[in-house]
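Architecture at a glance
What follows is each chain in one-letter form.
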Amino acid sequence: MRSSFIYWFILLYIPFGCILYYLNFGFLKLQYYDEICTLLLLLYTLLQRGNKLCFPKEFSIFLSIVLFYFLYSIIWRNLDLNVVLYDLQQQVKPYIIFYCIWKLKPNFSLRQCKILKNVTIFSTLFLVLSFLLTGAKIESTYLFDMRGQEFATTSLSCGMLFYSMSRKKNNDKVIFAVMLGVGLLGGKSKMFAEAFVILLILFFVKEKMKLFSIKSFLICLVLLVGAILVAWVKFDQYYVTGISDEGLARPMMYKTGFLIFRDYFPFGSGFGTFATEASRVYYSSMYGKYGLWGIWGLKEGEASFAADTFYPSIAQFGIVGLFIFISFWRKRFLDFSSESLERYKIGLFVAIALLGDAIADSTYVSNRGVMMWIILSLLVSGSIKKVDNTYNKGFLIK
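What counts and what doesn't
- Residues numbered from 1 in each chain as written.
- Predicted model: local features only at pLDDT ≥ 70, side-chain atom pairs only at ≥ 80, totals over all residues.
- Heavy atoms only, no water.
- Phe/Tyr/Trp six-rings, centres within 6.5 Å; stacked < 30°, edge-to-face > 60°.
- Helix = DSSP H or I, 4+ residues; strand = E, 2+ residues; numbered from the N terminus.
- Buried < 20%, exposed > 50% of the residue type's maximum accessible area, 1.4 Å probe, protein only.
- Salt bridge = Lys/Arg side-chain N within 4 Å of Asp/Glu carboxyl O.
- Axes fitted to C-alpha atoms, helices over the stretch in contact; angles between N-to-C directions.
- Parallel < 35°, antiparallel > 145°, perpendicular 65-115°, else oblique.
- Left-handed = near helix turned anticlockwise from the far one by under 90°.
- Contact = heavy atoms within 4.5 Å.
- Nonpolar A, V, L, I, M, F, W, Y, C, P; charged D, E, K, R; others polar.

The next subject is the packing of aromatic side chains. By the definition in use, this model includes 44 aromatic pairs. Geometrically, the ring pair formed by F68 and Y72 is stacked, given 6.1 Å between the ring centres and 15° between the ring planes. With a gap of four residues between them, F68 and Y72 both fall in helix 3 (residues 57-76), about one helical turn apart. Summarising the aromatic geometry, the rings of Y364 and W373 are spaced 5.1 Å apart at their centres and angled 90° between planes, so their arrangement reads as edge-to-face. Residue Y364 is classed as buried on the basis of its relative accessible area of 1%. Looking at W373, the relative accessible area reads 1%, which means it is buried.

The following block contains the structure:
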C-alpha cells in the first residue's frame, strides 16, 4: 500500500508538477500543486503505523530547528505571522518530502519501475515537441508559461528518475545522456555546466571519492573549473565583472546576504525577510534597509528577482543556519558513500542539480526541485537499492 501510494505520487507529479504546472489556461491553475502534494504526503505518512515505520532520528532534530526559528522570527524578531508562515511552508517543503518518503521506504515492482521509466521518456519527448512547436526556442507561449530554466530542470529531473528506475547499464546511461541533452535546448548556462559535470561522472568515474581526500579534492576542483568555463559568460556577468555593478540584482543579493550574516549574527534575520518568495510578496523592509529598493528586479511591486536565487536566503537563518545546511549535506554525502558506485553517482547527480541550481535559481524550494528531493529520498531510504534488486531477480527468473 505504501509503495503504491508513492508510486502514484511520483507518477502524477511528473506530468502535473513538472509540465502541466506551467499551463497558461486561465481556468486551470496548478501553482499550488506541489504544496498540496506535500501536505497530502505528510498526512498520509503521519497516519502510517508499524514497528519498521519510523521517521529517521534526524527528523526530530529538523522539527526542533524549524520550531526554534519559527519562535525566533515571531518573538525575538517580531515579524508578521503571515509572512513567517508563508515562508516557513516553502522552506520546509523539500525536507518534509525527503523525510516522509524516507520513512515510507517504498519498494516498487518491476512493472512500476518500467512504467515510471516510460513516463519520463514520454515527458521528455513532450518537451522536445513543445520546443519544436515554439519555433525552436523556449519562451512563454499561449499554452505554456515554461521558460528555459523550467525546461532544463524538468528534463534533468526526468533523466535522473529514469536512471534511478533503470538497471543502470550502458544503454540506460546513453538514454539518460540524451535526456540531459534535451535540457540543453533550454539554453541555460547552468544546465550546460551541470550536464558537463554529470556526464563526466556518469561515464568516467570508476570509483567512489572519499570526502576529505586530496585525490577527491583535485577531482572536484577540475570538475568545478570545467563547469565554470562551460558557463563562463554568465558566471563572469554575475560573479566576476558584474560583482561590482550595484545595478545588477543577483550580485547585490549575494553581497547583501553577507551583510545580513554580519548584522544579524548568529541566527539571521528570520523567516520571510530576504531572498524568498515571501519577502517578494510581502516586500521585506530589508530591501529598503540595504538600499536594494531602487535596483531593477528588486523594486516594490516589481521584485521578480527577489526570489531568483537560493543561497542568499540562508542569511535569514544566520551563521547557525549555514552550519546546519552544510551539516545536512555532509550527512547526505556520507549516505551516498555507503551505496554502490552507480547509486553513489545518482546521489552526486541530485546534489549537483540542487546545489548547482541554487547558485542562480530557486529550484531548491520550488516545484521543480520536488522530483529531485524524491529521488534523493528514494536513494537514502534504500528504495533505489530495492529497484536494483528487483531487476536482478526479474533477470534471473527470465
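Back to the write-up after that little detour.
Further remarks concern the pattern of salt bridges. Side-chain pairs of opposite charge can arise where the charged atoms are in close proximity. Taken as a whole, this structure holds 15 salt bridges when the rule is applied. Where E207 meets K215, a salt bridge forms, and the shortest distance between an N and an O atom there is 2.7 Å. Across the salt bridge formed by E339 and R343, the nearest N and O atoms sit 2.8 Å from each other. Its relative accessible area of 11% is what places E339 among the buried residues. Classification of R343 by relative accessible area gives buried; the value is 9%. Linked by salt bridges that have partners in common, E58, K331, R332 and D335 make up one network.

This next bit is on the packing of helix 4 (residues 81-104) against helix 16 (residues 367-380). Where helix 4 meets helix 16, the closest approach of the two axes is 8 Å, and the angle between their N-to-C directions is 30°. What the angle tells us is that helix 4 and helix 16 run roughly parallel. In this structure, helix 4 meets helix 16 at a crossing whose hand is right-handed. When helix 4 is examined against helix 16, the residues K93, P94, Y95, I97, F98, I101 and W102 are found in contact with a partner set consisting of N367, V370, W373, I374, L376, S377, L378 and V380. Counted by class, the contact of helix 4 with helix 16 contains 12 nonpolar, two polar and one charged residues.

For the rest of this paragraph, the subject is the environment of F126. Assignment of secondary structure puts F126 in helix 5 (residues 110-133). Once the C-alpha coordinates of F126 and C158 are considered, the two residues, 32 residues apart in sequence, prove to be 12 Å apart.

Right, let's talk about unusual backbone geometry for a bit. Note: most residues except glycine have negative phi, and most peptide bonds are trans. A cis amide bond links F265 to the next residue, P266, at an omega of 0°. Its place among the elements puts P266 in the loop between helix 11 (249-263) and helix 12 (277-281). Phi angles above zero are rare outside glycine, and N78 is one such case at about 55°. Turning to its location among the elements, N78 is positioned in the loop between helix 3 and helix 4. We classify N78 as exposed; its relative accessible area is 65%. Despite not being glycine, A275 has its phi angle at roughly 60°, a positive value. Residue placement: A275 occurs in the loop between helix 11 and helix 12. Here A275 falls in the buried class, since its relative accessible area comes to 4%.

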